[in-house]
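Here are the chains, one letter per residue:
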Amino acid sequence: MKHLTVTLAQAAGLAATMGAGLALAGTAALAEEVAPNAVQYGEYGEVETSLTGVPGDAEAGAVIAGSKSKGNCVACHQVSALADVPFHGEIGPSLDGAGDRWTTAELRGLVANAKKTFEGTMMPAFYKVEGFIRPGDAYTGKAGTEPLPPILTAQEIEDVVAFLETLKEE
């Protein structure tokens, strides 16, 4: 299998430079960004149109997928390309070969809101801002009020999709 491998040190360095890169991206990309409530899902949860109009960055997506403070895909999925990131989960399917199993539109839909494809999934909706089941309200009264910010930005969704597209079977 051909994999994109990112060490934790590389991930930290890339994360530091990503902020500067995003700041330099300008407002043109932001003007085209699709808001979470405006995403057009297909019949099976696919999202045909880019959320930003800007191609995703696979290396940045790998950092997000392995980052516990962002995507944290490895908490539930095994990803051989992120072998340096500890504690891969077994709740979700292996992401090895994801780029062969799903189209770009399907991957975008799964990352944005997998519940549109798999209704009972435990996978979080990474690009959703309202309509959550909030058990904290009933028990503590301290749950955040909606709308909440999405877990990932539109560009981060595109970056993760670009990374997942690199995960091919041999």
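Everything discussed here concerns the structure shown above.
What counts, and at which threshold
- Residues numbered from 1 in each chain as written.
- Predicted model: local features only at pLDDT ≥ 70, side-chain atom pairs only at ≥ 80, totals over all residues.
- Heavy atoms only, no water.
- Helix = DSSP H or I, 4+ residues; strand = E, 2+ residues; numbered from the N terminus.
- Buried < 20%, exposed > 50% of the residue type's maximum accessible area, 1.4 Å probe, protein only.
- Contact = heavy atoms within 4.5 Å.
- Areas by Shrake-Rupley, 256 points an atom, 1.4 Å probe, with all protein chains shown as cover.
- Salt bridge = Lys/Arg side-chain N within 4 Å of Asp/Glu carboxyl O.
- Expected span 1.5 Å × (residues − 1).

Participant: Help me understand the overall build of the chain in this model?
Facilitator: If you tally the helices and strands in the chain, you get 7 helices and 0 strands. Each helix (α) and strand (β) of the chain, taken in turn from the N terminus, gives the series α-α-α-α-α-α-α. Counting the 170 residues in the chain, one finds 38% classified as buried. Once local pairs closer than 6 in sequence are excluded, the contacts in the chain between residues at least 24 apart make up 60%. Roughly 9500 Å² of accessible area belongs to the chain as shown, and the carbon and sulfur atoms make up 59% of that amount.

Participant: Is there a simple way to think about the pattern of salt bridges in this case?
Facilitator: According to the stated counting rule, one finds 3 salt bridges in the structure shown. The closest approach of N and O atoms between lysine 168 and aspartate 100, which form a salt bridge, is 3.9 Å. Of this pair, lysine 168 sits in the segment after helix H7 (154-165) while aspartate 100 sits in helix H4 (residues 98-101), and the two are 68 residues apart along the sequence. You can call lysine 168 partly exposed: its relative accessible area is 35%. Look at aspartate 100 and you get partly exposed, because its relative accessible area is 44%.

Participant: Looking at this structure, how should I read unusual backbone geometry?
Facilitator: Its identity as a non-glycine residue notwithstanding, asparagine 72 has a phi of 50 degrees, on the positive side. Turning to its location among the elements, asparagine 72 is positioned in the loop between helix H3 (58-66) and H4. One non-glycine residue, phenylalanine 87, lies in the positive phi region at around 65 degrees. Looking at the element boundaries, phenylalanine 87 is found in the loop between H3 and H4. By relative accessible area, phenylalanine 87 is classed as exposed at 69%.

Participant: Whenever I open this one, H7 confuses me. Can you help?
Facilitator: Residue pairs three or four apart in sequence face the same way in an α-helix, which turns once every 3.6 residues. Compared with an ideal rise of 1.5 Å per residue, which puts 12 residues at 16 Å, H7 spans 17 Å between its outermost C-alpha atoms and is within 8% of the ideal. Summarising burial for H7: 11 of the 12 residues are buried, a large majority. The set of residues buried in H7 consists of Ala154, Gln155, Glu156, Ile157, Glu158, Asp159, Val160, Val161, Ala162, Phe163 and Leu164.

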